[in-house]
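Secondary and tertiary structure notes
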Amino acid sequence: YYPSVVDKNMNTIFNRNKLNYTSINIDKNGYAVHNKENKIGWCDTNGKYIIKPQFKFAYSFNDRKIAGVSIDGDKWGYINTTGKMIIKPMYNKVYNFNGNLGFVKLNNKIGAINDDGKLIINPLYDSLHRDAEYILYNNSAYYNTVESD
């Protein structure tokens, strides 16, 4: 089964046959499409590609209009809504930005970068969590805090 997308009046706005995709995930900045070659790209409601399918894995765009992507499934980076790689694929895993920080994993340790790709917290931690005022980090069974801006 390959879905099409319809609006609230049941008018087809996105036909699966037009783009030849196998699944679709609606994103607040467009549509993330998995095509038959299992590559992820984004297109608008007219079926025109905004970013051609080229990624093996991808997150949806966040409020900062940045998405974590992996071309090969091994190294991860971030793109903007035009598809420009704004943070080169160099991490083992990336996570969506939370405020002005994106958490990244390198050599099984987690750190944080800003949206320019500058390391703000070196990847030294087993886990990081962010609340309104602090970054919580864990290297054992205990959480500690670092002030957040």
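Everything in this summary refers to the structure shown in the same document. Computed from a predicted model, the values in this text were never measured in an experiment. (Residues numbered from 1 in each chain as written. Predicted model: local features only at pLDDT ≥ 70, side-chain atom pairs only at ≥ 80, totals over all residues. Heavy atoms only, no water.)

Counted under the stated rule, the structure contains one salt bridge. Residues Lys109 and Asp126 are paired through a salt bridge, measuring 2.6 Å at the closest nitrogen-oxygen approach. On the criterion of sequence distance, the pair formed by Lys109 in strand β13 (residues 109–113) and Asp126 in the loop between β14 (119–125) and β15 (127–130) is long-range, its members being 17 residues apart. Asp126 sits in the partly exposed class, given a relative accessible area of 38%. (Salt bridge = Lys/Arg side-chain N within 4 Å of Asp/Glu carboxyl O. Helix = DSSP H or I, 4+ residues; strand = E, 2+ residues; numbered from the N terminus. Buried < 20%, exposed > 50% of the residue type's maximum accessible area, 1.4 Å probe, protein only.)

Let us now look at the side chain of Asn114. As for its position among the elements, Asn114 is in the loop between β13 and β14. A polar contact of 2.9 Å, which involves the side chain of Asn114, links it to the backbone nitrogen of Asp116. (Polar contact = N/O pair within 3.5 Å; in protein donor to acceptor, adjacent residues only side chain to side chain.)

One pass over the structure, following the stated rule, counts five aromatic pairs. Between Trp42 and Phe55, the aromatic rings sit 6.2 Å apart at their centres with planes inclined by 65°, giving edge-to-face as the arrangement. Separated by 13 residues along the polypeptide, Trp42 in strand β5 (residues 40–43) and Phe55 in strand β6 (residues 49–55) bring together distant segments of the chain. Given a relative accessible area of 2%, Trp42 falls into the buried group. On the basis of relative accessibility, which here comes to 1%, the residue Phe55 falls in the buried class. Ring geometry for Phe57 and Trp76: centres 6.1 Å apart, planes at 15°, overall stacked. Residue Phe57 is found in strand β7 (residues 57–58), and its partner Trp76 is found in strand β9 (residues 76–80); the two are separated by 19 residues along the sequence. An aromatic cluster of three or more residues is present, and its members are Trp42, Phe55 and Phe61. (Phe/Tyr/Trp six-rings, centres within 6.5 Å; stacked < 30°, edge-to-face > 60°.)

On to the sheet that holds strand β10 (residues 85–91), then. An order of β7-β8-β9-β10 is seen for the four strands of this open sheet, with the pairing classed as antiparallel. Strands with a single pairing partner mark the edges of an open sheet, and in this sheet they are β7 and β10. Relative to β9, strand β8 (residues 66–70) runs antiparallel, the two sharing five bridges. Bridge pairing in β9 links Gly68 to Tyr78. (Pairing = 2+ DSSP bridges.)

Attention shifts here to the side chain of Asn62. Tracing the chain through its elements places Asn62 in the loop between β7 and β8. For Asn62, a relative accessible area of 9% corresponds to the buried category. Here Ile66 takes part through its backbone nitrogen, which lies 3.0 Å from a polar atom of the side chain of Asn62.

Mapped onto the elements, Gly117 comes out in the loop between β13 and β14. In this structure, the C-alpha to C-alpha distance between Gly117 and Lys88, residues 29 residues apart in sequence, is 8.4 Å. The contact partners of Gly117, leaving out residues within four places of it in the chain, are Ile87 and Tyr91. (Contact = heavy atoms within 4.5 Å.)

Moving on to the pairing of strand β11 (residues 93–98). Relative to strand β12 (residues 101–106), β11 is paired through four bridges, and the arrangement is antiparallel. If you follow Val94 over to β12, its bridge partner there is Val104.

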